[in-house]
Amino acid sequence: MKNVICVAAAALLSLSACKTMKNSSSTAKAEFPAFSTEGHRGGRGLMPENTIIGMRHAVDLGVTTLEMDTHITKDGKVVVTHDDYLSPAFMLTPEGKEIPKSDAKKYPVYQMDYSTLKQFDLGSKPHLLFPEQQKIKSYIPLLADLIDDVQQYTKGKKQMFYNIETKCSAKGDGIVNPGPEEFVKLLMDVINKKGITPYVVIQSFDKRTLQILHKKYPNVRTSYLVDNKKTVAQNLEDLGFDPFILSPAFKMVNADLVKQCHERKIKVIPWTANTKEDIANLKQLNVDGIISDYPNLLIN
């Protein structure tokens, strides 16, 4: 009887160890690409932005990382879209009609249920800033659905990385976005449920969301988006910790900025370089990746 008890105890300990290893491996950080090629909003120079079809196209081009934006809807859904309000520049009503410029703030994402939001047409209207963009009728997707589609689309291929931005700010709290604590929880609930945490970077201009992630989800990589005249040291002091990535507007990047970041073991991934010349210049500066509206220019 004593031997039976010992064997049972050993089995339980073994099972517990296996579960611990499984949980540990599920949150371990995967090796980040040596050079991260990222299609801005899925590559909006070529396809409708922040759409599933756009992400598929970026995958087909051979990017390492899918870059996208997230908002929260009225009913607490995490959706993939950039603007606080549905933009007259490239969105159409469910009836396929233009949104007048006078209605530029008529449709706040945060004040709409997803069932209503999904009916709007994203992709049919020509985008004047991106004449090469293919015209394909699409919609604003749930982040969960986008992840499911990408994971299935790339099954049997190399795992994609996801660079996901939180679109929020202190001035927008309660108006066009929830508070940062709620935003981060809703976002991380989706990411953890889908099991892609090791392959995710969360980026933001809103340092609050990154600070919450750093404290509550230390296993998640963060990227601080900046577009200012501050020094590297000043930006990092504002943030309060060293992120995995500093992501500056590409015109901010020089050899000194890259050197300072690399000395602190921080990667530099600038945005949004859209010409062969700018991309070549950034590569000469030894950046660790590039975000571009034209991901085809990043693939050699």
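Residue positions are given per chain, counting from 1 as you read along its sequence in written order. The predicted origin of the model limits local features to residues at a pLDDT of at least 70 and limits the giving and counting of side-chain atom pairs to 80 or more, whereas totals for whole chains, interfaces and linings rest on all residues. Only heavy atoms go into the side-chain values, all of them from the structure, while hydrogens and water stay out.

**What about the nonpolar core?**
Put simply, the rule is: Nonpolar core, defined: a set of buried Ala, Val, Leu, Ile, Met, Phe, Trp, Tyr and Cys residues in which side-chain atoms within 4.5 Å join the residues together. Relative accessibility decides the category of a residue: with a 1.4 Å probe and only protein chains considered, values under 20% of the type maximum give buried, values over 50% give exposed, and everything between is partly exposed. Each helix corresponds to a stretch of at least 4 residues labelled H or I by DSSP, and each strand to a stretch of at least 2 residues labelled E; elements are numbered beginning at the N terminus. In this description, contact between two residues means that some pair of their heavy atoms is separated by no more than 4.5 Å.
Counting residues in hydrophobic clusters, the biggest one holds 65 residues, and the most contacted among them are L66, M68, L143, Y162 and I164. In terms of residue count, helix α5 (residues 180–194) provides more of this core than any other element does, seven residues in total. Those residues within four positions of Y162 in sequence are excluded, and the remaining contacts are T65, L66, M68, L146, I147, V150, Q151, I196, Y199, V200 and V201.

**What to know about the packing of α5 against helix α6 (residues 207–216)**
Note the threshold: Axis angles are defined between N-to-C directions and span 0 to 180 degrees, where every axis is a line fitted to C-alpha atoms and, for a helix, only to the segment in contact. When describing relative orientation, an angle under 35 degrees is termed roughly parallel and one over 145 degrees roughly antiparallel, while 65 to 115 degrees is termed roughly perpendicular and anything else oblique. By definition, turning the near helix anticlockwise from the far helix through less than a right angle yields a left-handed crossing, and turning it clockwise yields a right-handed one. Charged residues are taken to be Asp, Glu, Lys and Arg, nonpolar residues to be Ala, Val, Leu, Ile, Met, Phe, Trp, Tyr, Cys and Pro, and polar residues to be all remaining types, Gly included.
Contact geometry of α5 with α6 gives a least axis separation of 9 Å together with a crossing angle of 60°. As far as their axial angle goes, α6 and α5 are oblique. Viewed along their axes, α5 and α6 form a crossing whose handedness is right-handed. In this structure, α5 uses P180, E181, V184 and M188 to contact α6, whose residues at the interface are R208, T209, I212, L213 and K216. Looking at the contact of α5 with α6, its residues break down into five nonpolar, one polar and three charged.

**A closer look at helix α2 (residues 52–61)**
As a reminder, the rule being used: Think of it as the arc spanned by the lines of direction from the helix axis to the C-beta atoms.
Those residues of α2 lying buried are I52, G54, M55, A58 and V59. Seen end-on, α2 carries its buried residues on one side only, within an arc spanning 160°. G62, located one to two residues past α2, shows a positive phi value of around 105°.

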